[in-house]
2 protein chains.
Amino acid sequence: MSAKKHVIVIGAGFGGLNCVRALADRNDILVTLMDEQNHHLFLPLLYQVAIAGLEAPQVAEPARGILRHVPNARFSLGKVRKVDLDARIVTSEERRLRYDYLVVATGSDTADYGTPGVSEHAYGLKRLTEAMAIRDQILSACEEASRTRDPERRKALLTTIIVGGGSTGVELAGALAELRNHALPKDFPEIEADEFRVLMVESSPHPLASMDERLSLYTERTLVEDFGVEIVSDTRVTEVTPEGVHTDKRGFIPGYTVIWAAGVRGNVISGLPEPGRGGRLPTNAFLQLDGHPEVFVVGDVNGAEKNGDGEKFPQLAQLAIQQGKTAARNIEADVDGEPLTPFSYFDKGVLVTIGRARGVANVGGVKITGFPAWFAWLAIHLVQLVGFRNRVLVFISWLYSYITYDFAVRIMYRRRRFPGDSSAITSSPE
Amino acid sequence: MSAKKHVIVIGAGFGGLNCVRALADRNDILVTLMDEQNHHLFLPLLYQVAIAGLEAPQVAEPARGILRHVPNARFSLGKVRKVDLDARIVTSEERRLRYDYLVVATGSDTADYGTPGVSEHAYGLKRLTEAMAIRDQILSACEEASRTRDPERRKALLTTIIVGGGSTGVELAGALAELRNHALPKDFPEIEADEFRVLMVESSPHPLASMDERLSLYTERTLVEDFGVEIVSDTRVTEVTPEGVHTDKRGFIPGYTVIWAAGVRGNVISGLPEPGRGGRLPTNAFLQLDGHPEVFVVGDVNGAEKNGDGEKFPQLAQLAIQQGKTAARNIEADVDGEPLTPFSYFDKGVLVTIGRARGVANVGGVKITGFPAWFAWLAIHLVQLVGFRNRVLVFISWLYSYITYDFAVRIMYRRRRFPGDSSAITSSPE
């Protein structure tokens, strides 16, 4: 037991989980997986929880359930407070553990770039509870709008503002527009279908600006023409308030629901070196932290340069999965006294769904739009989802939504309140 | 429009919903369904959310989704504050509405009978959020126990106390014991299987005391011998604390998780007459509130006498369904100037599941135990569940659990804290 090497993996996301699994057959290694949540979250589908398409547990899998099949690993719940790189000790909320190897796979959180009001008045989309809160918010806003007599307030209640036109923003906007186009008008006969508004505020000229222009323009056209999303491009949000967003070029845009999908920042832990831009930790090609060959950094928080020209790897699930496996391979090599392998990224391409039967893909330079891209997106995400049961339930939920045009999980847990609620009781009975 | 009769139904439970549906084909009646939740909750399966067997939305159906098929009904979200019986006005959090007929279908909430500490330190099982909180609590307690070094604290963390041996207590105890016997030991290798304890504290000599003695004894034997539940009978809980329960005969029983299933009390609204015992409103045989023939009372809150001998109707879903339909029929008759029909209860029997392949039933005097009762329970609840999609998803979840002996929804949303948490960090690294 004492001769075993102890590997601590911080984070049960794509990077951490794949690292743990890749070390599963090593009897001479003991792995401790630490996370502040008790589950692995399948982030690519989280937005579907927010728009009432999926139930929260369908996109999550209990970490301890996953580790049932990993005999050399144990789980430790709790937020990691600090790392002592010299003493090689990780301190979480309730444990202090010494490691021989450390894998930092902490992922990323919503980045507000210093914009005031984001953390107080906008929703991020990184945790199950955030997605459930967005669902509560949208349903509460519709309920409130259904009875308010003030037309300005009604308009602001029915306007959802998505900040950011990257893949998260696009997928969320498309799905929200579908909810708005089909399910909500049936639920709320008090509200006209065109009163529900989905606005995307985007600093680039077009959504998915980092992709090929043809795909970017197709996405914009599809969002606007097929789904009715309003895109406010070339515009930066300068402040978020409970009533809407202030922008640099279009003044104030009213909207009581603001979802911030404008960027992420690596989660760093006290005791680790000062991160670079975007909260990313510099590593060498073997994914080792500078000066600390026993510490590996994988996924969104990894700041290795792609080709030595300053460009970083994309922050994608695929990348985290591959880096997690490379870190595991390099730990094994180090334990065995063998040479390490530099990380090499196998780019499987980018796939974004826009909504019902619409998507874009760039796979090895081949650009695909429309139904094939959408279908490929569904198939790949279903296969990658952790847990057989989740796969079955998500498949049925998707099939149901595809046939009925409906999103079924319109269950509100906690009602949200809005500006102007106090004066809300109408004085004379209808 | 103005000539239409306006029926307000307070409560989207079994009684209210069945009343609204039964009025669906009346063009001359406008129905407003009011509830503080935006969904109908299928209470008989709620305990399965608490034990991680089902996902919360699977036992709920959006009220507005149900009303899509009821053209003469509309939904109004909000807690009802008071009823003015003379002016015939219902005031909710945000609306004042005048009615021609009122249906009080407010159901019941957990009753503590004045026992100190229940509302602060025990969980009820009446709302989705309560079931989700119990799940969080049990999973958090296991996590905490997996690292605590204090054997007394560990024992208290791993002990769940269920107060009450009625059908809710029995179903919950059996299901919790299954979770404890199969899923939890696989998740927590740090904990021995027999360390997880499920305790039932019951004031009667045996659980299900109101049922036939043979069924009651079978239930007791099954819980104890097949599932390992510890039953503390003939004992009343006198106080609940964060550390456990004080009792009248067995002193203090330590256990950090206490679920109160010892009884319910009708939810009454300000402005209605003072209710009788158990929060039940006296009505005549037509379900009309004494002195107010335009007000009907159905379900758990109805206090009509069964045979004029003081005995009240049982507080069951079946009864609420039947009373909701009778109230609708009587409102129609009153609108049409026809004679009302007295409520007559068609007793379909009582069915209680104890756990995997075990149940008891008393159907028209025929007593059934074991697998047939369990199977009948599953089939009947699946058929009665509202929403086709829910039926499919619950069926799959049950099939999964039956095959794998697992409860899959072991997802913690909000971690719970326990007595003694602050001193928890171990000082030396392991």
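Residues numbered from 1 in each chain as written. Chains lettered and ligands numbered in written order. Predicted model: local features only at pLDDT ≥ 70, side-chain atom pairs only at ≥ 80, totals over all residues. Heavy atoms only, no water.

## A word on the pattern of salt bridges
Piece 1. Under the counting rule described, the total for this entry stands at 50 salt bridges over all chains.
Piece 2. For Arg 147 of chain A, the salt bridge identified is with Glu 144 of chain A, shortest N-O distance 2.8 Å. Neither residue differs from the other here; Arg 147 of chain A and Glu 144 of chain A are each classed as buried.
Piece 3. Each of Glu 93 and Glu 94 of chain A together with Glu 144, Arg 147, Arg 153, Arg 415 and Arg 417 of chain B takes part in one network of salt bridges that share partners. (Salt bridge = Lys/Arg side-chain N within 4 Å of Asp/Glu carboxyl O. Buried < 20%, exposed > 50% of the residue type's maximum accessible area, 1.4 Å probe, protein only.)

## Here we look at the sheet that holds strand β21 (residues 350-355) of chain B
In any sheet, the strands associate via hydrogen bonds between backbone groups, in a parallel or an antiparallel arrangement.
Residue and element names in this part refer to chain B.
Piece 1. Reading across the sheet, the three strands line up as β21-β22-β23 and stay open at both edges, with antiparallel pairing between neighbours. Whereas interior strands pair on both sides, the edge strands pair on one side only; in this sheet they are β21 and β23 (366-369). Pairs of neighbouring strands in the sheet enclose a mean axial angle of 5°, with direction left out of account.
Piece 2. Strand direction decides the pairing type here: strand β22 (residues 358-363) and β23, joined by four bridges, are antiparallel. Paired with Asn 362 across the strands is Lys 367, a residue of β23.
Piece 3. Those strands touched by helix α10 (residues 371-384) are β21, β22 and β23, and its axis lies near 110° from that of β21. (Pairing = 2+ DSSP bridges. Helix = DSSP H or I, 4+ residues; strand = E, 2+ residues; numbered from the N terminus. Axes fitted to C-alpha atoms, helices over the stretch in contact; angles between N-to-C directions. Contact = heavy atoms within 4.5 Å.)

## Notes on the interface of chain B and chain A
Piece 1. Contacts between chain B and chain A engage 63 residues on the former and 63 residues on the latter.
Piece 2. Interface of chain B and chain A: buried area, both sides summed, is about 5700 Å²; carbon and sulfur atoms make up 50% of it.
Piece 3. The largest contributions to the chain B side of the interface with chain A come from Arg 64, Arg 68 and Arg 389 of chain B, which together make up 14% of the buried area.
Piece 4. For the pair chain B and chain A, the interface holds 18 salt bridges.
Piece 5. The partner of Arg 64 of chain B in a salt bridge is Glu 143 of chain A, and the shortest N-O contact between them spans 2.8 Å.
Piece 6. Linking chain B with chain A are 25 residue pairs in polar contact (both at pLDDT 80 or more), by the criterion used here.
Piece 7. Elements with a minimum of two residues in the side of chain B that touches chain A: β4 (60-62), α3 (63-67), β5 (73-77), β7 (89-92), β8 (96-98), α5 (128-145), α7 (167-187) and α11 (388-404) of chain B.
Piece 8. Taken together, the residues of the side of chain B that touches chain A sort by class into 26 nonpolar, 14 polar and 23 charged. (Buried area = accessible area lost by both parts, 1.4 Å probe. Polar contact = N/O pair within 3.5 Å; in protein donor to acceptor, adjacent residues only side chain to side chain. Nonpolar A, V, L, I, M, F, W, Y, C, P; charged D, E, K, R; others polar.)

## Side note on unusual backbone geometry
All names here are of chain A.
Piece 1. The residue Ala 52 is not glycine, and still its phi comes out positive at about 70°.
Piece 2. Within the secondary structure, Ala 52 sits in the loop between α2 (46-50) and β4 (60-62).
Piece 3. Of note, Ala 357 is a non-glycine position whose phi angle comes to about 60°, a positive value.
Piece 4. Owing to a relative accessible area of 12%, Ala 357 belongs among the buried residues under this scheme.

## Some thoughts on a nonpolar patch on the surface
Residues and elements named next belong to chain A.
Piece 1. A cluster of nonpolar side chains, contributed by Phe 371, Phe 375, Phe 395, Leu 399, Tyr 402 and Ile 403, occupies part of the molecular surface with about 620 Å² of accessible area.
Piece 2. Elements that contribute at least two residues to the nonpolar patch include exactly α10 (371-384) and α11 (388-404).
Piece 3. Here the nonpolar patch takes four residues from α11, the largest share from any one element.
Piece 4. Position of Phe 375 relative to the elements: it lies in helix α10.
Piece 5. On the basis of relative accessible area, Phe 375 is assigned to the partly exposed category, the value being 49%. (Patch = residues over 30% accessible without salt bridge, like charges linked within 9 Å, V, L, I, M, F, W, Y side chains within 5 Å. Areas by Shrake-Rupley, 256 points an atom, 1.4 Å probe, with all protein chains shown as cover.)

## Notes on α11 of chain B
Piece 1. The end-to-end C-alpha distance of α11 of chain B, which contains 17 residues, comes to 24 Å, matching closely the 24 Å that a straight helix rising 1.5 Å per residue would cover.
Piece 2. Among all positions in α11 of chain B, only Arg 389, Asn 390, Leu 393, Val 394, Ile 396, Ser 397, Trp 398 and Ser 401 of chain B are buried.
Piece 3. Where α11 of chain B is buried, its residues touch α11 of chain A together with α2 (46-50), β4 and α10 of chain B.
Piece 4. A positive backbone phi angle near 60° is found at Tyr 405 of chain B, which sits one or two residues after α11 of chain B. (Expected span 1.5 Å × (residues − 1).)

## Some points on the packing of aromatic side chains
Residues and elements named next belong to chain A.
Piece 1. All told, the structure shown has 19 aromatic pairs over all chains when counted by the stated rule.
Piece 2. Plain terms: the ring middles of Phe 313 and Phe 343 are 5.2 Å apart, the flat faces sit at 80° to each other, and that makes the pair edge-to-face. In this pair, Phe 313 sits in the loop between β20 (292-297) and α9 (317-335) while Phe 343 sits in the loop between α9 and β21 (350-355), placing the two residues 30 residues apart along the sequence. With respect to burial, Phe 313 and Phe 343 carry one shared label: buried.
Piece 3. Counting every residue linked through ring pairs, the aromatic cluster contains Phe 371, Trp 374, Phe 375 and Tyr 402.
Piece 4. Arg 356 extends its terminal NZ or CZ atom over the ring of Tyr 402, reaching a point 4.2 Å from the ring centre. (Phe/Tyr/Trp six-rings, centres within 6.5 Å; stacked < 30°, edge-to-face > 60°. Lys NZ or Arg CZ within 6 Å of the ring centre and 35° of its normal.)

## Comments concerning the packing of α11 of chain A against α11 of chain B
Piece 1. Interaxial distance between α11 of chain A and α11 of chain B falls to 11 Å at its minimum, and their mutual angle equals 170°. As the angle between them shows, α11 of chain A and α11 of chain B are arranged roughly antiparallel. Handedness of the crossing formed by α11 of chain A with α11 of chain B: right-handed. Residues Arg 389, Val 392, Leu 393, Ile 396, Ser 397 and Tyr 400 of chain A of α11 of chain A touch α11 of chain B, and the partners they reach there are Arg 389, Val 392, Leu 393, Ile 396, Ser 397 and Tyr 400 of chain B. (Parallel < 35°, antiparallel > 145°, perpendicular 65-115°, else oblique. Left-handed = near helix turned anticlockwise from the far one by under 90°.)

## Thoughts on the relation of the copies chain B and chain A
Piece 1. For the match of chain B to chain A, the screw axis carries a shift of 0.0 Å, the RMSD comes to 0.0 Å, and the turn is 180°. This pairing of chains is accounted for by a two-fold axis.
Piece 2. In this assembly the copies share their binding face: 100% of the residues contributing to the interface of chain B also contribute to that of chain A. (Least-squares fit on C-alpha atoms with pLDDT ≥ 70 in both.)

## A closer look at the side chain of Gln 137 of chain A
Residue and element names in this part refer to chain A.
Piece 1. When you line up the elements, Gln 137 lands in helix α5 (residues 128-145).
Piece 2. At a separation of 2.6 Å, a polar atom in the side chain of Gln 137 contacts the side chain of Tyr 123.
Piece 3. Within polar-contact distance, the side chain of Gln 137 engages the side chain of Thr 257 at 3.0 Å.
Piece 4. Residues in contact with Gln 137, not counting those within four places in the same chain, are Tyr 123, Tyr 256, Thr 257, Arg 416 and Phe 418.

## Side note on the environment of Leu 281 of chain A
All names here are of chain A.
Piece 1. If you trace the backbone, Leu 281 turns up in the loop between β18 (264-266) and β19 (288-289).
Piece 2. Taking C-alpha positions, Leu 281 is 17 Å from Tyr 101, a pair spaced 180 residues apart along the chain.
Piece 3. With sequence-adjacent residues up to four places away left out, Leu 281 is seen in contact with Val 104, Val 268, Leu 272, Pro 273, Pro 275, Leu 289, Val 297, Val 301, Asn 302, Gly 303 and Ala 304.

## Notes on the confidence of the model for chain A
Residues and elements named next belong to chain A.
Piece 1. The predicted model of chain A averages 94 in pLDDT, with 97% of residues at 70 or higher.
Piece 2. Across residues 423-430 the pLDDT falls below 50, and counting only partners more than four positions away or on other chains, this stretch makes 23 contacts in the model.
Piece 3. Predicted complex metrics record ipTM = 0.94 and pTM = 0.95. (pLDDT = per-residue confidence, 0-100.)

## Considerations on helix α7 (residues 167-187) of chain A
Residues and elements named next belong to chain A.
Piece 1. In this model, α7 (21 residues) spans 29 Å end to end at C-alpha, consistent with the 30 Å of a helix rising 1.5 Å per residue.
Piece 2. Along α7, the sharpest change in direction is near 40° and occurs at Arg 180.
Piece 3. α7 sits mainly inside the fold: 16 of its 21 residues count as buried. (Bend = angle between axes of the 7 residues up to and from the residue.)

## So, the side chain of Asn 330 of chain B
All names here are of chain B.
Piece 1. Here Asn 330 is to be found in helix α9 (residues 317-335).
Piece 2. Judged by relative accessible area, Asn 330 falls into the buried class, the value being 0%.
Piece 3. Every residue in contact with Asn 330, bar those within four places of it in the chain, is listed here: Phe 286, Phe 296, Leu 340 and Thr 341.

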